[in-house]
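What the coordinates show
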Protein chains: 2
Amino acid sequence: MPNTAYRQLEARYRRIALLGEAASILHWDTAAIMPGGGAPARAEQLAEMRAVVHGLSTAPEIGDLAADAEADTDGLDDWQRANLGEIKHQWTKATALPEDLVVAHSRACSACETVWRTARPEGDFGAVQGLLQTVLDLTREIGQAKAETLGLSLYDALLDDYEPGGRTAEIDRVFGELEAFLPEFLGEALDIQASKPAPVTPEGPFPIATQKALGEKFMAALGFDFNHGRLDVSLHPFCGGTPDDVRITTRYDEADFTSSLMGVLHETGHALYERGLPERWRRQPVGSALGMSVHESQSLLVEMQVCRSRPFIDWAGPIMTEAFSGTGPAWETENLHRLYTQVKPDFIRVDADEVTYPAHVILRYRLEKALLSGDMSLDDLPGAWNDGLKALLGIVPASDREGCLQDVHWYDGAWGYFPTYTLGAMTAAQLFASAKEADVDIEVGITKGNFHPLMAWLGENVHGKGRLMSASELLTQATGRPLDTDVFKNHLKNRYLA
Amino acid sequence: MPNTAYRQLEARYRRIALLGEAASILHWDTAAIMPGGGAPARAEQLAEMRAVVHGLSTAPEIGDLAADAEADTDGLDDWQRANLGEIKHQWTKATALPEDLVVAHSRACSACETVWRTARPEGDFGAVQGLLQTVLDLTREIGQAKAETLGLSLYDALLDDYEPGGRTAEIDRVFGELEAFLPEFLGEALDIQASKPAPVTPEGPFPIATQKALGEKFMAALGFDFNHGRLDVSLHPFCGGTPDDVRITTRYDEADFTSSLMGVLHETGHALYERGLPERWRRQPVGSALGMSVHESQSLLVEMQVCRSRPFIDWAGPIMTEAFSGTGPAWETENLHRLYTQVKPDFIRVDADEVTYPAHVILRYRLEKALLSGDMSLDDLPGAWNDGLKALLGIVPASDREGCLQDVHWYDGAWGYFPTYTLGAMTAAQLFASAKEADVDIEVGITKGNFHPLMAWLGENVHGKGRLMSASELLTQATGRPLDTDVFKNHLKNRYLA
């Protein structure tokens with residue numbers, strides 16, 4: 001007997017998802033294409049779309065239909081049951097928020113992000129502080145409303161949007177283990193690095209058109225389908241769009257191709273995950289990406305685990321050299337690998353190596369917890385940022401451009417997001433280790449530029465699973481155990497202490 | 001005392017307009033940016049957005065609020081009263097259609113337009129005929145529903161979406177006057193043209209980047225604000241986006257810059273109208289463009305009246321010559337002007353000169369009336385097209401690529417649209433004649449590349465009026481009389497028989 005209540009829920013969430021897809025393309029357009037003068041109108045458009053989606057997502061009928069559907073789940077398969085669970089959870093969260101708060105938040109984020117775009121290059125935190133305060137206040141209000149409904153702390157309630165089921169207590173444990181390991185390890189890694197020849201940086205200029213063509217070549221090799229996606233430019237690189245039309249962005253520097261190229265490969269990892277989500281469950285909650293730590297695990301698996309490995313550089317180095325007609329010692333594979341695995345405490349998170357990256361995340365995690373709880377005010381943010389970076393990595397940025405203005409996240413309303421980067425890095429190490437164990441062709445393939453075996457394993461174990469299970473269950477099913485910091489530590493030891 | 005019912009209507013239409021703006025950007029994205037594989041998902045997104053807009057536009061509360069607002073219009077000014085009238089008219093039309101018909105139509109148009117994109121270059125009408133049949137059937141169904149509600153004929157009901165208040169009877173009269181005039185006039189114009197030296201075509205290749213830069217230079221001179229708009233590429237040139245972010249497109253041919261350049265100037269005329277709509281009435285029905293004949297009058301005023309005139313070529317010719325480093329007789333101003341006012345019966349409407357253009361429109365107008373009424377079937381369209389063009393211009397296209405596949409309109413669901421092109425050409429002639437009479441600086445300015453006087457007159461008499469009055473009232477207010485074919489005829493005589 002068909003569960004008609006369940007079917008009605010599917011129809012409602014299909015509409016919600018389609019409007020979400022439309023908003024996602026508009027968001028990409030805002031960042032990659034839109035002329036500056038269109039910003040105020042775009043903010044209104046996105047706010048209004050979010051209000052409409054909010055109205056659809058909070059319809060009381062959904063609660064009634066979910067209750068009816070739950071009363072008769074015999075005819076539902078595992079995917080449908082998981083979908084129903086997701087629907088219930090999302091509806092509960094959505095109904096915790098009044099519509100005017102959602103609209104005000106969306107509008108505040110658009111306004112703040114727009115001003116941030118010019119404040120960042122000018123290093124002018126004061127220019128955006130007022131707007132950021134509004135974003136923070138509204139974010140706190142949203143977090144409190146969700147926290148009350150879900151019975152969580154304010155931070156965990158915000159975190160749940162990015163990492164379903166994620167908890168501060170678990171993050172504190174994992175980050176604690178990393179903090180206990182990393183400072184000493186960083187010292188050792190830097191010592192070993194100092195004992196080897198310093199990597200030589202290839203000299204540009206590297207024409208942007210050549211950089212783009214090279215990025216697209218590697219994207220295609222990894223499995224990116226340009227019939228279902230694009231590569232463009234934006235100030236802050238991201239992966240947007242929809243599973244059927246994945247839009248990734250990068251930013252180019254004519255003097256240095258390495259940073260943009262790895263950025264492109266990073267976003268390609270995100271893109272392959274989106275594109276590989278189960279097509280049968282398109283536009284249903286169960287068919288969407290699991291959470292940001294798994295999402296980030298896919299970008300970091302491609303960038304950090306694969307593309308900075310020696311087998312990959314053995315294959316890709318000569319292609320880079322040919323693209324830029326490179327000659328001399330800078331273009332030798334050994335040197336390129338040293339360059340791509342160079343450890344160097346620096347200010348910019350997105351350019352950070354994988355050894356110092358967790359420090360950037362831990363800093364932001366602490367600061368956003370303090371700002372949200374009210375233990376710290378925005379007046380103190382630039383100073384606290386600089387003090388924190390000094391304590392963690394021993395360096396102080398010269399301006400807020402390289403400090404608290406560098407990431408779009410807070411300015412765009414993404415609070416409770418940062419921890420997922422480092423959870424993702426650890427998940428990536430654990431998945432890649434198990435993948436290589438499961439199929440020896442994976443590592444052999446990488447040396448030849450053949451990524452089919454790797455992508456087949458990821459498709460089966462990660463991409464195609466959607467939200468059928470939790471991140472922890474997925475990791476356990478794929479690797480035999482939940483998140484284990486030792487695997488990440490071993491990866492770092494193998495790469496940097498060898 | 002405030003008219004609260006009216007205010008509530010404004011809030012509702014603001015939401016409808018914002019979702020429309022979002023859909024407009026998605027439509028531009030589909031044509032200019034989207035990878036092919038994204039098409040099916042995009043069709044679903046747009047269909048769903050239209051369904052949501054349809055739901056908002058047909059809310060029974062609007063009828064009630066409009067009745068309340070109409071009962072107490074003392075506190076409303078002229079703009080508000082006109083807005084209320086537009087709201088009432090739009091709601092009446094929208095409620096004539098069931099939602100599933102709107103969704104089915106939107107989806108059918110997206111599917112058909114997508115297949116048309118490949119069928120057109122291949123000249124394969126059969127590949128798209130089935131999808132076009134679906135579009136036609138659903139269009140007819142929509143027309144019938146509207147016709148019944150509005151008390152109009154099926155064709156007039158469809159026409160009303162593009163030309164509010166437009167009627168077949170009036171079009172038949174105007175087109176009749178043109179048909180009585182044009183064949184003989186065309187013969188005379190061709191004879192005079194044959195008595196002069198044949199225009200020499202500049203030889204390419206003309207790099208696309210240079211063409212684009214040149215187009216942007218002229219756009220800027222005309223008043224296009226690149227902080228509120230873009231120029232991109234699409235198969236079928238159009239003006240899309242929103243008044244605060246106007247997106248125009250063109251297509252380039254490396255062997256010939258003249259066609260794309262005039263296309264860009266044409267779309268710039270549309271763009272300046274959109275951008276000049278009254279900001280105070282943004283996102284209200286009264287603040288939107290009046291109708292397609294007035295819209296087309298603005299593109300044709302810029303392209304045909306201004307940019308193909310001798311005063312414009314005197315200024316622009318040397319700039320073109322410099323851009324392409326042109327030398328020789330082809331680049332002399334006299335020759336460029338002859339080239340830009342060349343009369344030549346040809347197959348492609350968008351490339352047609354202004355003397356033969358009405359024939360293209362009259363052909364399409366007759367064919368779409370016959371297809372909608374059922375007097376003709378799609379099986380007969382390619383043949384009827386070729387027969388019709390032969391009768392009107394004495395030429396027969398070699399393939400459907402240059403015949404019934406050339407325009408996106410029918411494939412994208414725009415039936416009842418074509419007549420507005422020729423109504424627009426006549427309106428343009430009439431407006432420009434009055435503008436030059438009203439301010440002598442307008443023509444002087446054009447010779448110097450100064451378009452401020454012209455744009456000031458258009459802003460005051462056309463752009464800034466929105467939908468405050470009907471097209472006929474606007475024309476009468478601006479020029480002293482309603483549409484008069486004699487003004488268009490005089491323009492043609494002055495330009496081609498001199």
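Residues numbered from 1 in each chain as written. Chains lettered and ligands numbered in written order. Predicted model: local features only at pLDDT ≥ 70, side-chain atom pairs only at ≥ 80, totals over all residues.

1. Here's the deal with the packing of helix 9 (residues 208-222) of chain A against helix 10 (residues 258-276) of chain A
Residue and element names in this part refer to chain A. To keep it simple, the criterion reads: Under this scheme, a helix contributes an axis fitted over its contacting stretch, all axes are lines through C-alpha atoms, and angles between N-to-C directions fall in the 0 to 180 degree range. A run of H or I in DSSP becomes a helix once it reaches four residues, and a run of E becomes a strand once it reaches two; helices and strands are each numbered from the N terminus. Each crossing gets its handedness from the near helix: less than a right angle anticlockwise from the far helix is left-handed, clockwise is right-handed. Contact definition: two residues whose C-beta atoms, as placed from backbone geometry, lie within 7 Å. Only Asp, Glu, Lys and Arg are considered charged in this grouping, and only Ala, Val, Leu, Ile, Met, Phe, Trp, Tyr, Cys and Pro are considered nonpolar; every other residue, Gly among them, is considered polar.
Look at helix 9 against helix 10: their axes get within 10 Å of each other, and the N-to-C directions meet at 35°. Pair helix 9 / helix 10 crosses with right-handed handedness. Contact residues: helix 9 offers Gln211, Leu214, Gly215, Phe218, Met219 and Leu222, while helix 10 offers Ser260, Leu261, Val264, Leu265, Thr268 and Leu272. Residues of the contact of helix 9 with helix 10, tallied by class, amount to eight nonpolar, four polar and no charged.

2. Let's talk about the relation of the copies chain A and chain B
Heads up, the rule is: When the copies are superposed, the least-squares fit takes in the C-alpha atoms of residues with a pLDDT of at least 70 in both.
With an RMSD of 0.0 Å, the fit of chain A onto chain B corresponds to turning through 180° and sliding 0.0 Å along the axis. In short, the pair behaves as if placed about a two-fold rotation axis.

3. With respect to the interface of chain A and chain B
Size of an interface: often given as the accessible area lost when the parts come together. With 28 residues of chain A at the contact, the number on the chain B side is 28 residues. Counting only elements with at least two residues in the side of chain A that touches chain B, the list comes to helix 1 (4-32), helix 2 (39-57) and strand 1 (229-233) of chain A. Considering each element in turn, the side of chain A that touches chain B owes the most residues, eight residues, to helix 1 of chain A. A class-by-class count of the residues in the side of chain A that touches chain B yields eleven nonpolar, eight polar and nine charged.

4. What to know about the pairing of strand 3 (residues 245-250) of chain B
All names here are of chain B. Rule in force here: Using C-beta atoms placed from the backbone, we call a residue buried if 20 or more other C-beta atoms fall within 10 Å of its own, exposed if 12 or fewer do, and partly exposed for counts in between. A pair of strands counts as paired when DSSP detects no fewer than two bridges linking them.
In terms of burial, strand 3 is a largely internal element, six of the six residues being buried. The alternating pattern of strand 3 places Asp245, Arg247 and Thr249 and Val246, Ile248 and Thr250 on opposite faces, both of which are buried. Note: strand 2 (residues 239-242) against strand 3, four bridges, orientation antiparallel. Across the sheet, residue Gly240 finds its bridge partner in strand 3, namely Arg247. Taken together, strand 2 and the strand that follows it, strand 3, pair antiparallel across an intervening segment of two residues.

5. Some words on the domain arrangement of chain A
All names here are of chain A. This is how it is decided: How far each domain reaches was decided by an automatic or database domain assignment.
Domains assigned within chain A are domain 1 (4-158) and domain 2 (159-498). Computed over C-alpha atoms only, the centres of domain 1 and domain 2 are separated by 25 Å. With 47 residues of domain 1 in contact, the opposing surface of domain 2 contributes 39 residues. Every element with two or more residues in the side of domain 1 that touches domain 2 is listed here: helix 1, helix 4 (78-95), helix 5 (99-122), helix 6 (125-150) and helix 7 (154-162). For the side of domain 1 that touches domain 2, the element with the most residues is helix 1, which contributes twelve residues. Broken down by class, the residue content of the side of domain 1 that touches domain 2 amounts to 26 nonpolar, eleven polar and ten charged.

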